[in-house]
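# What the coordinates show
Spelled out, the chains give:
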Amino acid sequence: MKILLLGCNGQVGWELQRSLQPLGEVIACDFDSSADRRVDFTQPASVAALVDRVRPQIIVNSAAHTAVDKAESEVELARAINATTVGAIAERAAVIGSLLIHYSTDYVYDGSGSLPREESSPTAPLSVYGRTKLEGEELIRASGCRHVILRTSWVYAAHGNNFIKTMLRLAAERETLSVIDDQIGAPTGADLLADVTALMIARITAGDGHLGGTFHCVAAGETSWFDYARFVIDWARANGQVVKVAPEGLRAVPTSAYPTPAARPLNSRLSTAKLRSTFSLHLPDWRVGVERMLREISGK
Ligand SMILES: NC(=O)c1ccc[n+]([C@@H]2O[C@H](COP(=O)([O-])OP(=O)(O)OC[C@H]3O[C@@H](n4cnc5c(N)ncnc54)[C@H](OP(=O)(O)O)[C@@H]3O)[C@@H](O)[C@H]2O)c1
């Protein structure tokens, strides 16, 4: 089986390079790959031509414009990467008969209320990132290709930059640290997403070809950025890392204290019942993956 992996050097893409290996020949491409594996999502026709050339049975797309605040002033770039090129890939997938796996986000919702969103809940993105990711989803659905779209949230990984690494750095440098406590979601490991992706592909290609559609995929449980930061910093302190900030130096602040170019959803709770029942999967509590990542990057 030939698997075309797009965005292989991002957080999720890096883990997919590992998890997809047992399923077949993985052709891993990214913006910064060497010439024959370089892919540029600002050029939809060239990405479509790559799909035609490789003729993969499976396409996994983890490339995206993920700089949420920059996207507010880079609308056309974000749209090209998150929507137009995704649509071009989906059109080729429909023609060739490839299965397309794609990732989307909690930012397609407006984050109102406190109930977890179902996949069928109304979408209402607050930002350019959220809007362009939703456009990408819609182009996939309109193409008629066989597909799986995984909406996820708060992604971290040992490979790449993310909230955990920022908190560890700031906690080592500062005596006080203010972190938002009124946005609620589930930190989700790129390794978990990559493993779930591989399991889904194995199931679908082994005969459950009718399975597909849009699913939420996040770790179990919920937290705020503040409690997430406290978990990370407490772990670092307990495990002999350099931590300057004292427990009382970590302060909870509302989102309104940190104006950013892009608005964030306050409620990022995503129900995963559909994914768990359709694919008979167990999703671990968010702390399991975060602690594993902390141990991995600290060598503990
Ligand atoms: N990160 C999160 O918290 C989060 C939350 C919810 C959903 N998601 C979704 O999950 C998926 C994976 O996210 P991630 O965290 O792994 O993202 P990431 O680490 O930012 O990786 C994205 C990859 O896309 C590549 N890329 C960017 N512009 C490109 C272009 N013009 N042409 C080709 N490749 C390009 C990046 O390359 P460069 O590094 O060279 O730019 C990078 O390798 C995305 O669909 C994202 O929207 C992420």
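Conventions used here
Residues numbered from 1 in each chain as written. Predicted model: local features only at pLDDT ≥ 70, side-chain atom pairs only at ≥ 80, totals over all residues. Heavy atoms only, no water. Near = heavy atom within 4 Å. Polar contact = N/O pair within 3.5 Å; in protein donor to acceptor, adjacent residues only side chain to side chain. Helix = DSSP H or I, 4+ residues; strand = E, 2+ residues; numbered from the N terminus. Nonpolar A, V, L, I, M, F, W, Y, C, P; charged D, E, K, R; others polar. Salt bridge = Lys/Arg side-chain N within 4 Å of Asp/Glu carboxyl O. Buried < 20%, exposed > 50% of the residue type's maximum accessible area, 1.4 Å probe, protein only. Core = buried A, V, L, I, M, F, W, Y, C linked by side-chain atoms within 4.5 Å. Contact = heavy atoms within 4.5 Å. Pairing = 2+ DSSP bridges. Right-handed = clockwise from strand over helix to strand, strands pointing away. Axes fitted to C-alpha atoms, helices over the stretch in contact; angles between N-to-C directions.

### Regarding the site of the ligand
Surveying the vicinity of the ligand reveals 24 residues, the closest of which are D30, F41, T66, Y129 and K133. The backbone of G10 places a nitrogen or oxygen atom 3.1 Å from an oxygen atom of the ligand. Within the backbone of V155, one N or O atom sits 2.9 Å away from an oxygen atom of the ligand. If you list the elements that add at least two residues to the shell around the ligand, you get α1 (11-19), β4 (99-105) and α5 (128-143). Here the shell around the ligand gets 3 residues from one element, more than from any other, and that element is β4. Tallied by class, residues from the shell around the ligand come to 11 nonpolar, 10 polar and 3 charged.

### A word on the pattern of salt bridges
Evaluated as defined, the whole model comprises 14 salt bridges. Between E15 and R18 there is a salt bridge, with the nearest N and O atoms lying 2.8 Å from each other. In this pair, E15 and R18 are both assigned in helix α1, 3 residues apart and thus about one turn of the helix distant. For D52, the salt bridge identified is with R92, shortest N-O distance 2.9 Å. Linking D52 in helix α2 (residues 44-54) with R92 in helix α4 (residues 75-96), this pair joins segments that are 40 residues apart in sequence. The partly exposed category is assigned to D52, whose relative accessible area is 29%. Linked by salt bridges that have partners in common, E15, R18 and D195 make up one network.

### Some remarks on the nonpolar core
Counting residues in each nonpolar core, the largest one holds 56 residues, and the members touching the most others are V60, V179, Y228 and L275. Ranked by residue count, the leading element in this core is helix α7 (residues 190-205), at 8 residues. Discounting residues that sit within four places of it in the chain, V179 has contacts with F163, M167, W225, F226, A229, L250, R251, A252 and V253.

### Notes on the environment of V39
With respect to the helices and strands, V39 occurs in the loop between β2 (25-29) and α2. Non-local contacts of V39, meaning those with residues more than four positions away in its chain, are made with L6, C29, D30, F31, V47 and L50.

### Looking at the pairing of strand β5 (residues 146-152)
Of all 7 residues in β5, 6 are buried; the element is thus mostly enclosed. Here β4 runs beside β5; their pairing, made up of 7 bridges, is parallel. Across the sheet, the residue bridging to L100 is H147, located in β5. On the question of chirality, the crossover connecting β4 to the parallel β5 by way of α5 is right-handed. The sheet contact formed by β5 and strand β10 (residues 213-216) spans 4 bridges and is parallel. Bridging from a neighbouring strand, L150 pairs with F215 of β10.

### Concerning the sheet that holds β4
The sheet built from 6 strands is open, its strands ordered β2-β1-β3-β4-β5-β10 with parallel pairing. In this open sheet, the two strands that pair with only one neighbour each are β2 and β10. Across the sheet, the mean angle from the axis of one strand to that of its neighbour is 20 degrees, orientation sign disregarded. Two strands pair when backbone bridges link them, and strand β1 (residues 2-6) and strand β3 (residues 58-61) are joined in this way by 4 bridges, in the parallel orientation. By the bridge assignment for β3, L6 is matched with N61. Most of the contacts of α2 go to β1, to which it runs at about 165 degrees, and overall it touches β1, β2 and β3. Across the face of the sheet, α5 comes into contact with β4, β5 and β10 while running at roughly 155 degrees to β4.

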